[in-house]
Amino acid sequence: MCVHTCTNVFVIAYMLFCNTQDLQTILNILYILNELLTVGGGRRVGVFVSKGGTGILLQLVLSGSKESPPSEELMLQLHSLLAKVGPKDRKFGVKARLNGALNVTVNLLKQNLQNHKLLLPCLQVLRVYSSNSVNAVSLGKNGVLELMFKIIGPYSKKNTSLLKVSLDTLGALLKSKTNARRAVDRAHVPVLLYIYQDWHRNDTRHRHMLIRKGVLGCLKNITNIKLGRKAFIDADGMRILYNTSTVSTVTKLPKTQSCLCPRVWLPVDDVVDESDDNDDVETENDTENEEEDKDHHNDDIETDINKLRPKETNSRPFEELKIYERFFLELSEDFQVMQDRHPFVSLVESSTSKNQINIVTFHFKTSDSPIHCRQSKIYYLKYIYIYSTSQKFGHTYSFQDHDGCCDHSQVRPQPGQPPLLAGGVAARQGGGAEETLAEEWAEEEGGEGAVLEVPDTALLLPLHDPDLYVEMVKSTRSVPQYSEVAYPDYFGHVAPTFREHILERVYGVQRTKIFQDIERLIHPNDILDKVVYDLDIQSCPVIDDGESLKFNSQFESGNLRKAIQARKFEYDLVLNSDINSNHYHQWFYFEVSGMRVGAPYRFNIINCEKSNSQFNYGMQVLMYSVQEAISGRPRWVRTGTDICYYKNHFSRSSIAAGGQKGKSYYTMTFSMTFNHKDDVCYFAYHYPYTYSTLKMHLQKLEALRTPQIYMRQDILCETLGGNSCPLLTITAMPESTSNDQICQFRNRPLVFLSSRVHPGETNASWVMKGTLEFLMGSSPLAHSLREAYIFKIVPMLNPDGVVNGNHRCSLSGEDLNRQWQSPSPELHPTIYHTKSLLQYLAAIQRAPLVFCDYHGHSRKKNVFMYGCSLKETVWQTNISATSCELHEDLGYRTLPKILSQTAPAFSMASCSFVVERSKEATARVVVWREIGVQRSYTMESTLCGCDQGKYKGLQIGTRELEEMGAQFCVALLRLKRLTSPLELRNHAHLLDVESDLIETRCKVSRSDTCTHRGYYSKQELTLEIYTETIIFECETN
Ligand SMILES: [Zn+2]
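Residues numbered from 1 in each chain as written. Predicted model: local features only at pLDDT ≥ 70, side-chain atom pairs only at ≥ 80, totals over all residues. Heavy atoms only, no water.

Under an unreviewed UniProt entry, the name given to the protein chain is Cytosolic carboxypeptidase 1, and the organism recorded is Oncorhynchus mykiss. Here the protein chain is described in UniProt, under the heading Cofactor (unreviewed entry), as follows: "Zn(2+)". (UniProt positions renumbered as here; feature names shortened; annotations may be inferred.)

This is the structure:
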């Protein structure tokens, strides 16, 4: 029978119900309905619900209950039908309550506990009632918890389906904190544990795992409240569950066990909020959970059409912007004295005088409470130590400052340790006093003076120079006054030539890890709980008893706050939050030494915050071995096994969770064995790229300048932390000083690039390195590109965040990429001045052709772009505006389209051009809306790897990231050819195709609300061919 016929039957049924009081007639109709809905599948039930069938059935329940005694057969039929209809009706819970059906079902249950035929459908209906939070509270008050405990019981082969439904109902009821408390008060926790054990003992063939799962579900909901956790522990719950979870069954059990652990605070003291401790306060309100089931996907899309239109030019007077003219010398350059001009300003030379002790006190008011920096003084570095605690190749690199003062204690972060390490090694380079000092130390320590072999990477890494790096470190200012340099930054990184595959997900790793965590509570005596590294203690303990690993993170971009040895080879690590904030833990970079070769180490980073991570989808951590480096393999490699990411039992205080209570932290765990004795290894979230590295690269790039290249380095501004924010200008020198040439030079369109506003997204810096190297290159393509555009580049928008090992913020504790709407010159100087540059360009009618801010993405694979399109945003919303009539040029799609054709890591499928509300203060949206740059993008690079294209199945490395940066340049050249007036004429018909395509998409997505990419039109295929033609033409030009 088709749905249409069904509908007719339903209508007839409805009319009959209305007009008959005859029980037998009603029963007959119910039999037919039951038949229809049983064989018809979900579709018929859906039709029945949409025709108002639920309401009729509920009314029949109520009217039937008024007969005395009520007809058992009627109730049986009605409840069987409701059991089918209920799960399909989102408002079932509310309807049942309003119709007064709740009590009818409950009373029926109470009176028919032995009548299994009637019991099952009633329980099934009750299960649906209970999923509504308001119903759950009311049912609890009516004694339904106790009723359920009359049905569930010890192991029995009979009536397992009744038992299962009762457990599900009980589980749903216990989601209410009132009910959970009631269950604790009536001592139901030990009962549930007993039932669990009994089923475990008797159900030896695991035929009824769902029943055990049901019991665990009930326990889990009870332990959501503090009282419940206490009752659970008091009833020896941890041990019972542990003992019943043998290795053979652990993989079969649900992951609920981890939730049953008692919640504790992180082992650091500033994230505890005692007010959070009382989580048993009833917070239930009348929000009907079925009404919350909206489409969250569209929640964030901007629906205010006025916010999608260009902002009326802000009344910033040109007089105020005029000072930025000095950053655009090329726009007025006449090259009349070409020979003498050296458009390069050295960053180092222009930085403030070297021996100055610069005391900066940070004391901002962000919201309502004053927040202080971790430390308030910044000293100029007098010594830079490159050291390791390893006996074998400890290495010190020292500098004496000009007044000869050398007070080690002032700059050395670890008092009590000799400045030169045992078995000291003479520095490779350096002259005069420095060398003598190093030698003296070496003698004092009785070392043999073995010279540390620095890998020779000059050929492979043209932009890297260890000496220059150390030179750069001297002018880098960090809040903790770092005085050490990490080996990887000093030696450099040569990308490995082998492929690094995305790890296969191994089944059951997560369960095994959680199981090991639970074992800590069962066997507390096995736990060492030995703090081996703690930045919070002034004299950070350095335990050197040969039993523990040694940790360090006190170097640029380092981030590790505390390390606790949990078991012999297992360490819990706590990351530092961003300065002036109490969250954003994700970026890590630390050193480990004192390892045993071949031992199975496990590391747990226990204060991660995001709810999921690419570590669950094949991403590995990065490791750099100093032993490998001095053996000629200086490189970061992907490493770690048994990697997984899961919710742990550490509570997040509401202050550390944006005001939300009851949030937890997550653990990222990985295991590994070390291959070398006396090694010093570094671990990082992603390939580090420090601010000092940037400065070194810029110096080396400057050296690549030829007479054909115009390159200028300016200091855009100083940061809060006293670091300079570099601004680069790169273009081609004019071929001559003729008027025509100068005119062409000045009138080149501008391309504005920026990156690393988020310090933890180091991949953005590697992409930027690729771009810069390409731009300074000698290839004909690079030359054409320089002739085509003037590049303005801010390669690091957040130097302070990078230096201090932040993940997301600047020193003010704010996400700088949320400040573009109204940046403060004091708190967000880099953003304020970058925006001013763009405002200046807009004011002189020279707004850039392309703006792109490079980022990294932690949850997605591949490289992709976010752009801004008024139309595409409107289509995603329900705005009834006649969106197709909105005028919009389609050029914003061209650059990503070209990239998807040329850059192997780039994926057009992941691009989005929708403007989100939460992004309205980002660079991309503000530059689009306020500066009027149509091609304004965020380019996101994965931290993990690719799932399409040439690199499918591989993790991303610096080689691929740098290649991406270079491909971006090539794409710009193609864009130039497409946007030049001549080409436009030639391809006018093809652009029409693109326009057709967009129009089609518009219509399709308006009529069809399915996903953004659910269709692929003929025109889109035409566009593919079109782009390919253009690219082919470009290549053969
Ligand atoms: Zn970002």
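Let us now look at the overall build of the protein chain. Secondary structure assignment for the protein chain yields 39 helices and 21 strands. Across the protein chain, contacts joining residues at least 24 apart in sequence account for 77% of those joining residues at least 6 apart. Accessible area of the protein chain: about 42,900 Å², with a carbon and sulfur share of 51%. (Helix = DSSP H or I, 4+ residues; strand = E, 2+ residues; numbered from the N terminus. Contact = heavy atoms within 4.5 Å. Areas by Shrake-Rupley, 256 points an atom, 1.4 Å probe, with all protein chains shown as cover.)

Our next topic: helix α34 (residues 894–902). Taking burial as the measure, the 9 residues of α34 include 7 buried ones, the bulk of the element. Thr894, Leu895, Pro896, Lys897, Ile898, Leu899 and Thr902 are the residues of α34 that are buried. (Buried < 20%, exposed > 50% of the residue type's maximum accessible area, 1.4 Å probe, protein only.)

Now for the UniProt feature "active site" (unreviewed entry) in the protein chain. Those residues carrying the UniProt feature "active site" (unreviewed entry) are Glu940 in this numbering. Tracing the chain through its elements places Glu940 in strand β21 (residues 935–942). Take Glu940: its relative accessible area is 8%, and that puts it in the buried class. Glu940 has contacts with His855, Gly856, His857, Asn862, Val863, Phe864 and Tyr866, leaving out every residue within four places of it along the chain.

Surrounding the zinc ion are the protein donor atoms His758 (ND1), Glu761 (OE), Glu761 (OE) and His855 (ND1), which sit 2.1 to 2.3 Å from the metal. Coordination geometry of the zinc ion: the 4 donor atoms subtend angles of 58 to 152 degrees at the metal centre, consistent with an arrangement described as irregular. (Donors = N, O, S within 2.8 Å, 3.2 Å for Na, K, Ca; no water. Tetrahedral: all angles 85-135°; square planar, octahedral: opposite > 155°, others 65-115°.)

The phi angle at Asp529 is positive, at roughly 50 degrees, despite the residue not being glycine. Here Asp529 shows up in the loop between α25 (509–522) and β4 (530–534). Its relative accessible area of 59% is what places Asp529 among the exposed residues. Non-glycine residue Asn580 carries a positive phi angle of around 65 degrees. With respect to the helices and strands, the residue Asn580 is situated in the loop between β7 (570–574) and β8 (589–593). Classification of Asn580 by relative accessible area gives buried; the value is 11%.

Buried residues dominate helix α10 (residues 144–151), accounting for 6 of its 8 residues. Within α10, burial applies to Val144, Leu145, Leu147, Met148, Phe149 and Ile151. Buried-residue contacts for α10 involve α7 (101–111), α8 (116–130), α9 (133–141), α11 (160–173), α12 (177–185) and α13 (188–202).

Let us look at the packing of helix α5 (residues 72–85) against α8. At a minimum axis distance of 8 Å, the contact between α5 and α8 shows a crossing angle of 40 degrees. Taken together, the axes of α5 and α8 lie oblique to each other. For the element pair α5 and α8, the recorded crossing hand is left-handed. Counted together, Glu72, Met75, Leu76, His79, Ser80, Leu82 and Ala83 of α5 and Lys117, Leu118, Pro121, Cys122, Gln124 and Val125 of α8 form the full contact between these two elements. The class makeup of the residues in the contact of α5 with α8 is 8 nonpolar, 3 polar and 2 charged. (Axes fitted to C-alpha atoms, helices over the stretch in contact; angles between N-to-C directions. Parallel < 35°, antiparallel > 145°, perpendicular 65-115°, else oblique. Left-handed = near helix turned anticlockwise from the far one by under 90°. Nonpolar A, V, L, I, M, F, W, Y, C, P; charged D, E, K, R; others polar.)

Turning our attention to the nonpolar core. If you look at the biggest cluster of nonpolar residues, it comprises 121 residues, and the most contacted ones within it are Phe551, Phe603, Phe683 and Met939. Broken down by element, the residue count for this core peaks at 11 residues, all from helix α36 (residues 958–979). Aside from chain neighbours lying at most four places away, what touches Met939 is Val767, Cys852, Asp853, Tyr854, His855, Val863, Phe864, Met865, Leu899, Phe906, Met964 and Phe968. Core analysis: the second largest hydrophobic core is formed by 80 residues, Ala101, Leu219, Phe515 and Ile518 among them. (Core = buried A, V, L, I, M, F, W, Y, C linked by side-chain atoms within 4.5 Å.)

This next bit is on the packing of aromatic side chains. All chains considered together, the criterion is met by 42 aromatic pairs. Their ring planes at 10 degrees and their centres at 5.7 Å tell us that Tyr645 and Tyr666 sit as a pair that is stacked. One end of the pair, Tyr645, is in strand β12 (residues 641–652); the other, Tyr666, is in strand β13 (residues 663–672), and 21 residues separate them in sequence. Residue Tyr645 is classed as buried on the basis of its relative accessible area of 6%. Considering the side-chain rings of Tyr710 and Phe745, the 5.5 Å spacing of their centres and the 65 degrees angle between planes classify their relative orientation as edge-to-face. (Phe/Tyr/Trp six-rings, centres within 6.5 Å; stacked < 30°, edge-to-face > 60°.)

Our next topic: the packing of α8 against α9. Viewed as axis vectors pointing N to C, α8 and α9 meet at an angle of 120 degrees, and their least axial separation amounts to 7 Å. The angle between the axes of α8 and α9 places the two elements in the oblique class. Between α8, through Leu126, Tyr129 and Ser130, and α9, the contact on the second element is made entirely by Asn135, Ala136 and Leu139. A per-class count over the contact of α8 with α9 returns 4 nonpolar, 2 polar and no charged.

Moving on, we come to the environment of Pro70. Mapped onto the elements of the fold, Pro70 is located in the loop between α4 (53–65) and α5. According to the relative accessible area criterion, Pro70 is partly exposed, its value standing at 34%. When the C-alpha atoms of Pro70 and Leu108 are compared, they prove to be 9.4 Å apart, with 38 residues separating the residues in sequence. Residue contacts for Pro70: discarding those within four places in its chain leaves Gly64, Ser65 and Met75.

Moving on to the pattern of salt bridges. Pairing of side chains with opposite charge becomes possible as their charged atoms draw close. Inspection of every chain in the model, using the stated rule, returns 33 salt bridges. Across the pair Glu471 and Lys474 runs a salt bridge whose closest N-O atoms are separated by 3.4 Å. Via salt bridges that share partners, Asp517, Arg520, Arg567, Glu570, Asp572 and Arg602 belong to a single interconnected network. (Salt bridge = Lys/Arg side-chain N within 4 Å of Asp/Glu carboxyl O.)

Further remarks concern the confidence of the model for the protein chain. Taken over all residues, the pLDDT of the protein chain has a mean of 78, while the share at 70 or more is 74%. Contacts from residues 983–1037, a stretch scored under 50 in pLDDT, to residues over four places away or in other chains number 66 contacts. (pLDDT = per-residue confidence, 0-100.)

Turning to the pairing of β12, a few remarks are in order. One face of the sheet, then the other: side chains in a regular strand alternate in exactly this way. Among the 12 residues that make up β12, 9 are buried, leaving the element largely enclosed by the rest of the structure. Inspection of the sheet shows strand β1 (residues 264–265) paired to β12 by 2 bridges, in the parallel sense. Each residue of the ladder has a partner; that of Val264, found in β12, is Phe650. Two strands pair when backbone bridges link them, and β12 and β13 are joined in this way by 7 bridges, in the antiparallel orientation. Within β13, the residue paired with Tyr645 across the bridge is Met668. (Pairing = 2+ DSSP bridges.)

All right, on to the pairing of β21 then. Counting buried positions over the 8 residues of β21 gives 8, a clear majority of the element. For strand β19 (residues 850–857) and β21, the ladder comprises 8 bridges, and the chain directions are parallel. For Tyr854, the partnering residue across the bridge sits in β21 and is Met939. Pairing of strand β20 (residues 863–866) with β21, which is carried by 4 bridges, proceeds in the antiparallel orientation. What sits directly across from Met865, in β21, is Met939.

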